[in-house]
Amino acid sequence: MRLRDRGLSVGGSSLVMLGMLLIAGSSEAATWYVKADPPHPGNGSKSRPFSSLQDLEARSGPGDTLYVIQSRGVLDGGIQLKDGQRLIGLGPKVTVANPHSARATLTNTSGARYDGDVIRLAKNNVVQNIHIDNAFRSSILGINAENPRIEDNLMTNDMAVHDLLEIENEWPNGYILFLPQTNHFGAITLVSCGPGGRGTPLLDPQLQAQSYCSFLGAPGSIADAGTVTIKSNVIRDSHSDGIMLIDDTGVTSTFDVDHNIIKDLSQDLPDPTTVGITDHVVRSRGITLITIDHSVSNLELTNYDASNLSPFGTFAADGLVFLACGYSPLVDANVWDVSISNPFLTGDNANGDSIEIQHHASADGILNVDIRRAHLSDPASTNVKLIDAANPQNGTYNVSISDSVLSNRNTNGIYDPVTNNNGNEDAQIRYSGTEMPQTKAINLTVRNVDISGLGRGIGLRVAPTRTVNTNKIDQLHVLVENSSFEDLTGEAVYWSQSSSVPIGAVGGAIIDLGGGTLGSVGNNRFVNNGVPGNLPPGVNPAGIDPVAPVDGDVSVSFSPENVVPDSRIYLFAEHNYWGGGAPVISTTPGGAPITDIYFTPPGVVFAGVTDYLTVDPQP
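Since the structure is predicted, the reported quantities are computational estimates derived from the model, not experimental observations.

Attention shifts here to the pairing of strand β35 (residues 493-498). The element β35 is extensively covered by neighbouring structure, given that six of its six residues are classed as buried. Residues of β35 alternate between two faces, with V493, W495 and Q497 on one and Y494, S496 and S498 on the opposite face, all of them buried. Relative to β35, strand β32 (residues 456-459) runs parallel, the two sharing two bridges. Along β35, the bridge assignment pairs G459 with Y494. Judged from the six bridges that link them, β35 and strand β38 (residues 554-559) form a sheet pairing that is parallel. By the bridge assignment, W495 is partnered in β38 with V556.

As structure tokens, this is what we get:
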């Protein structure tokens, strides 16, 4: 009351002052403008915009909207956004605009400010319609950036200022962020860390002992990163990976990644072997999601288009990678309506996969990946690879592929008899477990999928000699129905288990191609597979490598076959099309193209086929 009376006693002047203070204290969001090369110094208004990102950053506050006015100039130096800020480019839509048009363009041409990142996120930020060019490190970087929205942006020439030798060292001596797999910073790099600590003992000695947020100088944590939205962006012509997502130390993240295009990566870089990099392949990947130590990563990836992700040479040109590492990581991912292609048939022939799903030095990790309506073509290695690396333990793969087309005509690999590197005649859906002692479960469902071209359809990699799985697998469930296997150079379905290594001890080992205990309806077609000298259209015969004799459309065995295993694999193959008649069944290997089904009793339990299709279901 005294304050009110005092204000009234002086004619209301104090009330006016109090009102001004209340307005100032309310922290209402403001709107600011910035433009490269304006005609005169500005105050941040639309008519007199700031001329630098530094001024914009210094004057703006949390919750403000920051507009970048289109210009033919470029704003250099980078910007750290504050909580709730929106950074929006005015002018044409940068992802489709004429390359010579005036637009909102930002860069950071040195590492002196923000380590070369162009835009650094805080919490609840929006970045929209910005052309980010020639970033010294990442175009957009967020550490514990809750609920960001990154939309309609163009990112070009990321890290193009660096040569390959500068890139291929761990940060801060280079631009490798995740050393266990030599993964780089991406054009978009988002790292989130939960309140849990690093699991010990380290399952991979190259894993950072601290969280990856702490490694990047931001030691805080969040329990939940909220919803991370990455939509309608284009990333191209860069020397970095496209999008790098890392969830660490118990964080939960939900990613909504839709309608993004990533293409033409690393095109100006030389073959790594020509500059002395021979101890590892150079990663050049579209999207990588790394989930570490009790973290939970939820991903909805839709309408993704990735192509031409590396030049020729020892580059790991993967379109999409899921990597589970450390203790109990969990990934739940829906991958729908994606196209991943390799039009120039480039990349390292052992590492370039359209989609890679990997347990890497993990314990009790779970990878749930549902792939629908995917068009995957011409990988340097495999279209869909399930791989164990760095000796993980008790990993589970729950992978389903439906309504998709997989093909491969890539023969640019070179056979190396020393490393048994067999170029590109691989299985198009392949499990690779040679580096680990035990997998808990492989649950693979293939439904309404067309597979054609080089190599096998489903199973283990192709090699000059019979490929044998030597890992213990507690449960192997493979269900295939309503799918087509045509013009493959190898077997459509192939599994060979070491007779001395258990398989199916907990949940059984079942390959159900129709009429079996997993519920497959069959209705698969096996046409023109494993025919000697029959090459798919567009295949260069000069790149064909030596391979083991093909057993038939389906090959399920224990090896060596003269040793009776303790385990059993149950095979079902009813109600399928084998060319119009009953399938030819044999217990003698190498019988293609006469043999349709090869198996080794008594380890493989197969009752034969009584129901088969006489009319091609896909004429």
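This brings us to the state of the cysteines. Formally, a disulfide is one covalent bond, and it connects the sulfur atom of one cysteine to the sulfur atom of another. Under the definition given, this model contains one disulfide. Here C193 connects covalently by a disulfide to C213, the sulfurs 2.2 Å from one another. An S-S torsion of about 100° defines the bridge between C193 and C213 as right-handed. Here C213 lies in helix α5 (residues 212-215) and C193 lies in strand β14 (residues 186-193), a separation of 20 residues in the sequence. The closest cysteine sulfur to the non-disulfide-bonded C325 is located on C193, 13 Å from its own sulfur. Residue classification places C325 among the buried residues on the basis of a relative accessible area of 1%.

The peptide bond linking S559 to P560 adopts the cis configuration, its omega dihedral lying at -5°. In this structure, the amide linkage connecting A592 to the following residue, P593, adopts the cis form with an omega of 5°. Its place among the elements puts P593 in the loop between β41 (585-586) and β42 (597-599). A positive phi angle, close to 50°, is found at S328, a residue other than glycine. Secondary-structure assignment places S328 in the loop between β24 (320-327) and β25 (330-341). For L345, which is not glycine, the phi torsion reads 55° and is therefore positive. As for its position among the elements, L345 is in the loop between β25 and β26 (355-363).

Moving on, we get to the pairing of strand β9 (residues 140-143). Sheet topology places strand β6 (residues 119-121) next to β9; three bridges connect them, and they run parallel. Residue pairing across strands places I119 opposite I140, the latter belonging to β9. With four bridges connecting them, β9 and β14 associate as parallel partners. When the bridges of β14 are listed, G142 appears paired with L190.

Scoring rules and cut-offs
- Residues numbered from 1 in each chain as written.
- Predicted model: local features only at pLDDT ≥ 70, side-chain atom pairs only at ≥ 80, totals over all residues.
- Heavy atoms only, no water.
- Buried < 20%, exposed > 50% of the residue type's maximum accessible area, 1.4 Å probe, protein only.
- Helix = DSSP H or I, 4+ residues; strand = E, 2+ residues; numbered from the N terminus.
- Pairing = 2+ DSSP bridges.
- Disulfide = S-S within 2.5 Å.

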